[in-house]
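The lines below spell out each chain.
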Amino acid sequence: MNSKIRLGILGGGGDSLIGVLHRVASSMFDQFQIIGGVFNPNWEENIGFAEKIGIPTNRIYKDFDTLMEEELKLPEDSRMQVVSILTPNFLHFPMANKLLENGFHVICEKPMTTTYEEAKILNQTLKLAKTVFAVTYTYTGYPMVRQMREMILNGELGNIQKIDAQYYQGWINPIIHDKEKRSSTWRLNPKKSGISCCIGDIGTHAFDMLEYVSGHKIKSVLADLNYLYSDNKMDIDGTVLLRCNNNVKGVICTSQIATGEENSFIVKIYGDKAGLKWEQENPNYLYLMEDGKPLQVLKPGHTYNSDLSLDGTKLPPGHPEGIFDSMGNIYKGIAKAINNEPYNHGEFPTIIDGARGMNFIEKAVESHQKGNVWVNIENID
């Protein structure tokens, strides 16, 4: 009997990065099974995508309303238990609210809604539904972020004095400087994205992260946002000053016009005893800084980490968590070769690579035994 949680997905079809992320994440620990959903509002693309990723098409629906209607006809032990919402922002609230009203668990991308009022309504609906609702602030799942949280919670930094988050990207540069493009992308359309682009998209990550790791609630903010062009209604850059309790202050700096930056998310928390720093682009390293002491680098998988950190660690020390994606890429290349599809010869190592590796081992030993001399690796076809 299949005991996996029955998962439905809304959005995330085609080449959606967030769609891939959710599907891989849901399969990683063999806890969920994707059984249907609505991947795309275009029916041909929707059904075609389901076929492409190997999901039975009998529960691929033309739209959200049809999904609700048909799933509720099924016995409770057969229908979807949880639904992930990966759609543009303006659809989050109506979908989530209706799912909750009908007893489904919900996993929702951020920002959760487009207005605070919608968020309050959703919260009231959840109280009545008594189901599970999760918002995917993805970075809180990193083992060393969780270690950061636990160290602060245990008082290892002392009294918190300063919180600081910087989230810089450059992806919107090719769009924002082109009038036609900035007028047509949904990210810069308030009707679809809400009132903010940069703060709504990545600033919310920084806000949530600072509260998550520091244990402090941000009480007030002072923001200076940049729209760059008078006809652009959505911020694409901004700095926000923060005030918390007990004289704790901080800053969030965000930008999507930071030319050359990819996904530079840096979080720093300073107490009167020590400070901690974490960088998303180097997620396996948590830096502990103390006055008068050498910089310490904490890494995942070691017994000195907290239970929360270790529970989120999948690999032994020294193995980056991204190794799952790396292995997946190799399997992807192998599948192309098996299926006689075109592929780049750099997509997976071959027998030649394996043979050269063995030759290297022997030649290294030979070099040592001969008194540390140069020896040649042999060519092999």
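Look up a bit, the structure's there.
Residues numbered from 1 in each chain as written. Predicted model: local features only at pLDDT ≥ 70, side-chain atom pairs only at ≥ 80, totals over all residues. Heavy atoms only, no water.

S.K.: Outline the pattern of salt bridges, listing residues and values.
M.R.: Taken as a whole, this structure holds 15 salt bridges when the rule is applied. The shortest N-O distance in the salt bridge between Glu-70 and Lys-73 comes to 3.2 Å. Residue Glu-70 and its partner Lys-73 are both found in helix H3 (residues 64-73); the two are separated by three residues, about one turn of the helix. Lys-179 is paired through a salt bridge with Asp-231; the nearest N and O atoms lie 2.9 Å apart. Of this pair, Lys-179 sits in helix H8 (residues 179-184) while Asp-231 sits in the loop between strand E7 (220-226) and strand E8 (237-243), and the two are 52 residues apart along the sequence. Several salt bridges share partner residues, and in doing so they unite Lys-363, Glu-366, Lys-370 and Glu-378 into one network. (Salt bridge = Lys/Arg side-chain N within 4 Å of Asp/Glu carboxyl O. Helix = DSSP H or I, 4+ residues; strand = E, 2+ residues; numbered from the N terminus.)

S.K.: Explain the packing of H3 against helix H4 (residues 92-101) to me, using residue names and the numbers behind them.
M.R.: Helices that pack against each other are described as a pair by the angle of their axes relative to one another and the distance between those axes. Between H3 and H4, whose axes approach to 11 Å, the crossing angle comes to 10°. One finds that H3 runs roughly parallel with respect to H4. Within the contact between the two elements, H3 uses Phe-64, Asp-65 and Met-68 and H4 uses Pro-94, Met-95, Lys-98 and Leu-99. Broken down by class, the residue content of the contact of H3 with H4 amounts to five nonpolar, no polar and two charged. (Axes fitted to C-alpha atoms, helices over the stretch in contact; angles between N-to-C directions. Parallel < 35°, antiparallel > 145°, perpendicular 65-115°, else oblique. Contact = heavy atoms within 4.5 Å. Nonpolar A, V, L, I, M, F, W, Y, C, P; charged D, E, K, R; others polar.)

S.K.: Give me the side chain of Glu-150: which residues, what numbers.
M.R.: Tracing the sequence through the fold places Glu-150 in helix H6 (residues 143-153). Buried charge without a salt bridge: Glu-150, with Arg-149 as the nearest opposite-charge side chain at an N-O distance of 4.2 Å. Sequence-distant contacts of Glu-150, defined by excluding residues within four places in its chain, comprise Ser-306 and Leu-308. (Buried < 20%, exposed > 50% of the residue type's maximum accessible area, 1.4 Å probe, protein only. Lys, Arg positive; Asp, Glu negative; His and termini not counted.)

S.K.: Which residues make up the sheet that holds strand E3 (residues 82-85), and what values go with them?
M.R.: Taken in spatial order, the five strands make up an open sheet running E2-E1-E3-E4-E5, and their pairing is parallel. At either margin of the open sheet sits one strand with a lone partner, and together these are strand E2 (32-38) and strand E5 (133-135). For this sheet the average axis-to-axis angle between neighbouring strands, irrespective of direction, equals 20°. Looking at chain direction, strand E1 (residues 5-10) and E3 are connected through four bridges and run parallel. The residue of E3 that forms the bridge with Ile-9 is Ser-84. Contacts between H4 and the sheet are confined to E1, E3, strand E4 (105-108) and E5, with E3 contributing the most and set at about 175° to the helix. (Pairing = 2+ DSSP bridges.)

S.K.: An account of helix H5 (residues 116-129) is requested, with residue identities and associated values reported.
M.R.: Three or four residues apart is the spacing at which side chains of an α-helix point the same way, because the helix has 3.6 residues per turn. Helix length check: H5 (14 residues) gives 20 Å between terminal C-alpha atoms against 20 Å at 1.5 Å per residue, within 8%. Taken residue by residue, H5 has Glu-118, Ala-119, Leu-122 and Thr-125 as its buried positions. Take H5 and look down its axis: the buried residues cluster within an arc of 120°, on one side only. For H5, the exposed residues set more than 90 degrees away from the buried face come down to Tyr-116, Lys-127 and Leu-128. Count one or two residues on from H5 and you reach Lys-130, which has phi positive near 60°. (Expected span 1.5 Å × (residues − 1). Arc of directions from axis to C-beta.)

S.K.: Break down the pairing of strand E11 (residues 275-279) for me, citing the residues and quoting the values.
M.R.: Bridge count between strand E10 (residues 264-271) and E11: five bridges; the pairing is antiparallel. Across the sheet, residue Ile-266 finds its bridge partner in E11, namely Glu-279. In this structure, the hairpin formed by E10 and E11 is closed by a connection of three residues. Bridging between E11 and strand E12 (residues 286-289) involves four bridges; their strand directions are antiparallel. Bridging across to E12, Leu-276 finds its partner in Leu-288.

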